[in-house]
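Descriptive analysis of the structure
Each chain, written out:
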Amino acid sequence: MRIKKFEARTEQEAIEKVKNELGLDALILNIRKTKPRGLFSLFRKPMVEVTAAYEDKEAKQKRMEEQQAAATKEVMEAKEAKLAQERIHSLEKKLQTQEDLLAKLMSQLSIAEQMNQTYGLRKYDNRLIQLFYDTLVDQGVTPEIAEKVLEDANSIDDETKIDIELVSKIVYNTIIRILGPAQPIEPVKTKRTRFIVFMGPTGVGKTTTIAKISSILMLYHNLKVGLITADTYRIAAIEQLKTYAEILGLDVDVIYNSQDLENHLDPIIDEENDVVLIDTAGRSHRNRENFKELGELLALVPDSTKLLCLSLTTKYEDLLSIANAYSTLTDFMLVFTKLDETLCLGSILNICYLTGKKLTYITNGQNVPDDIEIAHPETITKALLGIGGDAS
Ligand SMILES: Nc1nc2c(ncn2[C@@H]2O[C@H](COP(=O)(O)OP(=O)(O)O)[C@@H](O)[C@H]2O)c(=O)[nH]1
Ligand SMILES: [Mg+2]
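**Quick look at the domain arrangement of the protein chain**
A common way to express how large an interface is: the accessible area buried when the components associate. Taken domain by domain, the protein chain comprises domain 1 (2–55) and domain 2 (194–375). In this structure, domain 1 and domain 2 have C-alpha centres spaced 93 Å apart.

**Concerning the site of ligand 1**
The environment of ligand 1 is formed by 17 residues, the closest being Lys206, Thr207, Thr208, Asp340 and Thr363. Take Glu341: an N or O atom from its side chain is 2.8 Å from a nitrogen atom of ligand 1. Within the backbone of Gly365, a nitrogen or oxygen atom sits 3.0 Å from an oxygen atom of ligand 1. Protein chains shield 83% of the accessible area of ligand 1, which is 580 Å² for the free molecule. Looking at which element gives the most residues to the shell around ligand 1, the answer is helix α7 (residues 206–220), with four residues. For the shell around ligand 1, the per-class residue count stands at two nonpolar, ten polar and five charged.

**Focus on the sheet that holds strand β10 (residues 359–363)**
Sheet architecture is open: eight strands sit in the order β6-β5-β7-β4-β8-β9-β10-β11, paired in mixed fashion. The open sheet terminates on both sides in strands that have one partner only, identified here as β6 (252–254) and β11 (372–374). For this sheet, the mean angle separating the axes of adjacent strands, direction not counted, is 25 degrees. Relative to strand β8 (residues 305–311), strand β4 (residues 194–199) is paired through four bridges, and the arrangement is parallel. Considered in β8, the bridge of Met199 is made with Leu308. Each of β4 and β8 is contacted by helix α11 (residues 316–327), which is oriented at about 165 degrees to β8, the strand it contacts most.

**Quick notes on unusual backbone geometry**
Residue Pro369 is bonded to the preceding Val368 through a cis peptide linkage, with omega at 0 degrees. Along the chain, Pro369 falls in the loop between β10 and β11. Although it is not a glycine, Asn222 sits at a positive phi angle of roughly 60 degrees. The residue Asn222 is located in the loop between α7 and β5 (225–229) in this model. According to the relative accessible area criterion, Asn222 is exposed, its value standing at 61%. For Glu272, which is not glycine, the phi torsion reads 60 degrees and is therefore positive.

**Here we look at the packing of aromatic side chains**
In total, this model carries two aromatic pairs according to the counting rule given. Where Phe291 meets Tyr326, the ring centres are 4.8 Å apart and the plane angle is 75 degrees; that geometry is what we call edge-to-face. Taken as a pair, Phe291 in helix α10 (residues 288–300) and Tyr326 in helix α11 lie far apart in primary sequence, 35 residues in all. Taken individually, Phe291 and Tyr326 each receive the classification buried, so the pair is uniform in this respect.

**Digging into the side chain of Glu49**
Structurally, the position occupied by Glu49 is in strand β3 (residues 47–54). Since its relative accessible area comes to 10%, Glu49 is described here as buried. Sequence-distant contacts of Glu49, defined by excluding residues within four places in its chain, comprise Lys5, Phe6, Glu7, Asn30, Ile31, Arg32 and Thr34.

**Notes on the pattern of salt bridges**
One pass over the structure, following the stated rule, counts 14 salt bridges. Ionic pairing is found between Arg32 and Glu49, a salt bridge with its closest N-O pair at 3.1 Å. Here Arg32, found in strand β2 (residues 27–34), pairs with Glu49, found in strand β3; they are 17 residues apart in sequence, far enough to count as distant. Lys73 is the partner of Glu77 in a salt bridge, and the nearest nitrogen-oxygen pair spans 3.9 Å. Of the two residues, Glu77 and Lys73 both sit in helix α2 (residues 57–119), four residues apart, roughly one turn of that helix. You can call Glu77 partly exposed: its relative accessible area is 44%. Of the residues examined, Lys73 reaches a relative accessible area of 54% and is grouped as exposed. Overlapping salt bridges bring together Lys5, Arg32 and Glu49 as one network.

**A closer look at the pairing of β5**
Working note: regular strand, side chains alternate between the two faces of the sheet. With five of its five residues buried, β5 lies for the most part within the structure. Of the two faces of β5, the one lined by Val225, Leu227 and Thr229 and the one lined by Gly226 and Ile228 are each fully buried. Direction of pairing for β5 relative to strand β7 (residues 275–279): parallel, over a ladder of five bridges. Looking across to β7, one finds that Thr229 is bridged to Asp279. Note that β5 and β6 share three bridges and pair parallel. Its bridge partner lying in β6, Thr229 is registered against Val254.

Reading the values: rules and limits
- Residues numbered from 1 in each chain as written.
- Chains lettered and ligands numbered in written order.
- Predicted model: local features only at pLDDT ≥ 70, side-chain atom pairs only at ≥ 80, totals over all residues.
- Heavy atoms only, no water.
- Domains from an automatic or database assignment.
- Near = heavy atom within 4 Å.
- Polar contact = N/O pair within 3.5 Å; in protein donor to acceptor, adjacent residues only side chain to side chain.
- Areas by Shrake-Rupley, 256 points an atom, 1.4 Å probe, with all protein chains shown as cover.
- Helix = DSSP H or I, 4+ residues; strand = E, 2+ residues; numbered from the N terminus.
- Nonpolar A, V, L, I, M, F, W, Y, C, P; charged D, E, K, R; others polar.
- Pairing = 2+ DSSP bridges.
- Axes fitted to C-alpha atoms, helices over the stretch in contact; angles between N-to-C directions.
- Contact = heavy atoms within 4.5 Å.
- Buried < 20%, exposed > 50% of the residue type's maximum accessible area, 1.4 Å probe, protein only.
- Phe/Tyr/Trp six-rings, centres within 6.5 Å; stacked < 30°, edge-to-face > 60°.
- Salt bridge = Lys/Arg side-chain N within 4 Å of Asp/Glu carboxyl O.

Right, dumping it as structure tokens:
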């Protein structure tokens, strides 16, 4: 700060001078009247003296830079603090999940112990592996497949097996590996029209699943969706898909035979659809003639993705024979339906293990489009091991 005095005849004039010379930031410290002194003072008018404080340019520049630096530092510090807090929070959350997981396992262990004492069904010496075995079999995993799943975990030496976390991780990872990553329809535009054919027994939920998927692709991902139905055995089946299509503002191409399909394919590609979903009639895999027809139809659709829909309410042996029958026709991926009607997910693991097919979706109710999920292996594995929780 520097100080300078200004003299003028009036107060206003003096302040004007301050403003002109030092600018508006100057600070008025004092205003006083000065009496003229000396010989001729009597004849002079009194003057006004204004004392003003001001900052010189360099100091001002420096102060502004300092202020700016301080502000920047504050922002950076706040950011860092927030980041650190977030890190701690996520770490805490992770630890909590692991602790929850272990706590759940421990409580299950003691329940399982008590039960085994009663029934004497002990298969493994190790308590934890026995618990996993029981849980998997309880979920409908076949005893043979449950044993296979636990092979790796059971093969580590006894001392290491005490490590609950390690054993759980091995089992968890084995199941994740068997299920493989889910391969749903990629919700992006591609250059070529993609064809997805839905196959499977009557009543498993093919048409409903098509309605769910087409709604999601259209409404959430802005894709252009085409629909074809080859399910012409039942008038009601055509009407059902048409009803959904109407709601979505889509047309349904109805095809009655292979020739029909050929006629419909080119126009539907020309319409620049991103994805075309094809509904088929539920075929009995035991009716050979009927089944052959489906094979012919599939052969006509250029490199399509085939999805075999299987209901989780169907018993495992039937699911396996259906999957085997369809695999004589074509390669496919799996949709499991009606999860909401059963507590057992074992069939998913059984079928994935025995067929090596990839998972896509799981449906869990009749509501279109909400009751469908991507078949994330993590979620399925947690449910299979009875450690539930969310999929994160
Ligand atoms: N509970 C339950 N019912 C479903 C599910 N998906 C479809 N459905 C019902 O199963 C019945 C047959 O479905 P539909 O789509 O016509 O089977 P499609 O013959 O394979 O085409 C209908 O009543 C659907 O509402 C599901 O995930 N859970
Ligand atoms: Mg149908």
